[in-house]
Amino acid sequence: MSLLRQHVRSAACSLFPSCLLSHSPSHVRRTVHTKDVAQIASQTRPPRPRVVFSGIQPTGMPHLGNMLGALMNWVKLQREAAPEDKLIFSIVGWHALTLPQDPKALSAARREILAVLLACGIDPKRSIVFHQDENLHHAELAWILNCITPMGKLHRMTTWKSRLAASRNARDDSEVDESLLNVGLFTYPVLQAADILAYKTTHVPVGEDQQQHIELCRDLAVTFNKTFKGGKDDPPVFPLPCHVIPSTSCRVLSLKDPSSKMSKSSPDVNSRILLTDSAEQINKKIRRAVTDSITGISYDPDTRPGIANLVDILAACEDAKPQDVAVRYANRSHAEFKMDVAEAVEGLMSGPRREFERLRRDIAYLDSVSKSGAARAMEITEKTIDEVRKRTGLY
């Protein structure tokens, strides 16, 4: 990324704090004229190093949607980050506990997800990779933020409803029985905010479905900074993080029901492709994916959602535009198209799958990565928590 583009992005985030940025500076939710930003950027100091934070729950083997929507973008962020940027990726076990978990399965999943991250290309020397539950500062900050979070804000959050719906395999939020809601699930957006703010994060690469949570995180940062101002010359404790939607992010839908996202919790195992699926399993699932009876291939998510989903998958695997892929296959049969989609998915998954199978057996190495990552994470958050304690009077 050029220095000018870094200036433009930094200026937009700092001077227009509600901005929603992708890797392309043209994607801004609240419009900022490029000319104005360039003028502002030219008058500012070089941008501060970015602090990038994101997390993944240890709730089962990642599927193709997780790979294309998050993990591959983390690797890209790592590859393109400036040397002074901090990259922090956490396995968020406390979030997993907001829904019922089998203790033995969760314990195994924690280690497996760490192996997955490393197998996909996350470098524990370049990035900080750790288990959230091995850094108690997250929980301490979450409690303090809970004490300044209005109940109304949490009740307006929609994600807890969708998570309950997904856990019950309900079609939509209207089928959710709120009697099943526990306090942990209700307040988990506050824990998520603590995860982010503990590192004074500036950029959060998450999907659009998490935008509401990032806005809450920013609101809590503002509330804390205003409530606990400190001395006359003390700067605010927390920066306002920007929600970053990776430009290459792909929203992968269920292979059996393209009206919903690909999900680990779906009762139909053929609706998703897991990292551990063999080439034969991948081919079979793609071959049986729901499409339509229209001849040829075109890209129309509204009228041809099944075909559009497969076009999106192939485009993401090839780092191409869906429209270009559709044109290339316009006169091809569904069978030929599905064969190429399966081949592309296997090409994407085979390397990480082999590396995962190797790493999952090296428990000593995984434990050493976990321990080192937690120590590096706590080194950062210790300073933040000291500031928070002093501002709130807990010293």
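None of these values were measured; they are calculated from a predicted model.

Asks: Outline a positive patch on the surface, listing residues and values.
Replies: Positive charge collects at one region of the surface, where Lys256, Lys284, Arg287 and Arg288 lie side by side. By secondary structure assignment, the location of Arg288 is in the loop between α11 (279-287) and α12 (305-318). Judged by relative accessible area, which is 46%, Arg288 ranks as partly exposed.

Asks: So, the nonpolar core: which residues are in play, and what are the values?
Replies: Of all hydrophobic cores here, the largest spans 53 residues; its most connected members are Leu64, Leu117 and Phe337. For this core, the leading source of residues is helix α14 (residues 334-359), giving 9 residues. Residues contacting Phe337, with those up to four places away along its chain left out, are Ile297, Ile307, Leu310, Val311, Leu314, Val325 and Tyr329. Core analysis: the next-biggest nonpolar cluster, separate from the first, contains 41 residues, Tyr188, Ala198, Tyr199 and Val237 among them.

Asks: Please give an account of the environment of Gly65 that cites residues and values.
Replies: Counting through the fold element by element, Gly65 comes out in helix α3 (residues 64-80). Judged by its relative accessible area of 12%, Gly65 falls in the buried class. C-alpha separation for the pair Gly65 and Val252, spaced 187 residues apart in sequence, amounts to 4.9 Å.

Asks: So what's going on with the packing of α3 against α14? Which residues, and what values?
Replies: Their axes nearest at 12 Å, the elements α3 and α14 cross at an angle of 70°. With respect to α14, the axis of α3 lies roughly perpendicular. On the side of α3, the interface is formed by Leu64, Met67, Leu68 and Met72, while α14 contributes Val345, Leu348, Met349 and Pro352. Broken down by class, the residue content of the contact of α3 with α14 amounts to 8 nonpolar, no polar and no charged.

Asks: Could you give an account of the side chain of His243, with specific residues and numbers?
Replies: Inspection of the secondary structure puts His243 in strand β6 (residues 242-245). There is a polar contact of 3.2 Å between the side chain of His243 and the backbone oxygen of Val206.

Asks: Lay out unusual backbone geometry with the relevant residues and their values.
Replies: Even without a glycine there, the phi angle at Lys200 is positive, about 50°. Residue placement: Lys200 occurs in the loop between α9 (183-197) and β5 (203-205).

Asks: Could you give an account of the pairing of β6, naming the residues involved and the relevant values?
Replies: Of the two faces of β6, the one carrying Cys242 and Val244 and the one carrying His243 and Ile245 are both buried. Sheet topology note: the β5/β6 ladder contains 3 bridges and is parallel. For His203, the partnering residue across the bridge sits in β6 and is Cys242.

Asks: Describe the confidence of the model for the chain, listing the residues and the values that go with them.
Replies: In low-pLDDT segments, the atomic positions of the prediction should not be examined closely. Summing up the model confidence of the chain, the mean pLDDT is 87 and the portion of residues at 70 or higher is 85%. Low pLDDT, under 50, characterises residues 1-45; the predicted model gives this stretch 64 contacts beyond four residues in sequence or across chains.

The rules behind these values
Within each chain, residues carry numbers counting from 1 in the order of the written sequence. Local features are withheld for residues below a pLDDT of 70 in this predicted model, meaning they are given only at 70 or higher, and side-chain atom pairs are given and counted only at 80 or more; totals for whole chains, interfaces and linings count all residues. Side-chain metrics in this entry use all non-hydrogen atoms of the structure; hydrogen atoms and water are not considered. Nonpolar side chains (Val, Leu, Ile, Met, Phe, Trp, Tyr) within 5 Å and like charges within 9 Å form the patches, drawn only from residues with over 30% relative accessible area and no salt bridge. Accessibility throughout is a Shrake-Rupley quantity obtained with a 1.4 Å probe, and a residue counts as covered only by protein chains that appear here. In the sections that follow, a salt bridge refers to a side-chain nitrogen of Lys or Arg positioned within 4 Å of a carboxyl oxygen of Asp or Glu. Lys and Arg are tallied as positive, Asp and Glu as negative. Neither His nor the chain termini are counted. In this description, the location of a charge corresponds to atom NZ of lysine, CZ of arginine, CG of aspartate or CD of glutamate. Secondary structure follows DSSP: runs of H or I at least 4 residues long count as helices, runs of E at least 2 residues long count as strands, and numbering of each begins at the N terminus. We call a residue buried when its accessible area falls under 20% of the maximum for its residue type, exposed when it is over 50%, and partly exposed in between, using a 1.4 Å probe and counting protein chains only. In plain words, nonpolar cores are sets of buried Ala, Val, Leu, Ile, Met, Phe, Trp, Tyr and Cys residues tied together by side-chain atoms within 4.5 Å. Contacts are assigned to residue pairs that have any heavy atoms within 4.5 Å of one another. The convention used is that axes are lines fitted to C-alpha atoms, helices contributing only their stretch in contact, and that angles between N-to-C directions extend from 0 to 180 degrees. Angles below 35 degrees are treated as roughly parallel, those above 145 as roughly antiparallel, those between 65 and 115 as roughly perpendicular, and all remaining angles as oblique. Under this grouping Gly is polar, as are all residues other than the nonpolar Ala, Val, Leu, Ile, Met, Phe, Trp, Tyr, Cys and Pro and the charged Asp, Glu, Lys and Arg. Under the rule applied, a polar contact is a pair of N or O atoms within 3.5 Å (in protein, one hydrogen donor and one hydrogen acceptor; residues adjacent in sequence only if both atoms are side-chain atoms). Strands pair, by our definition, only if DSSP identifies at least two bridges between them. For every residue, the predictor assigns a confidence score, pLDDT, that lies between 0 and 100.

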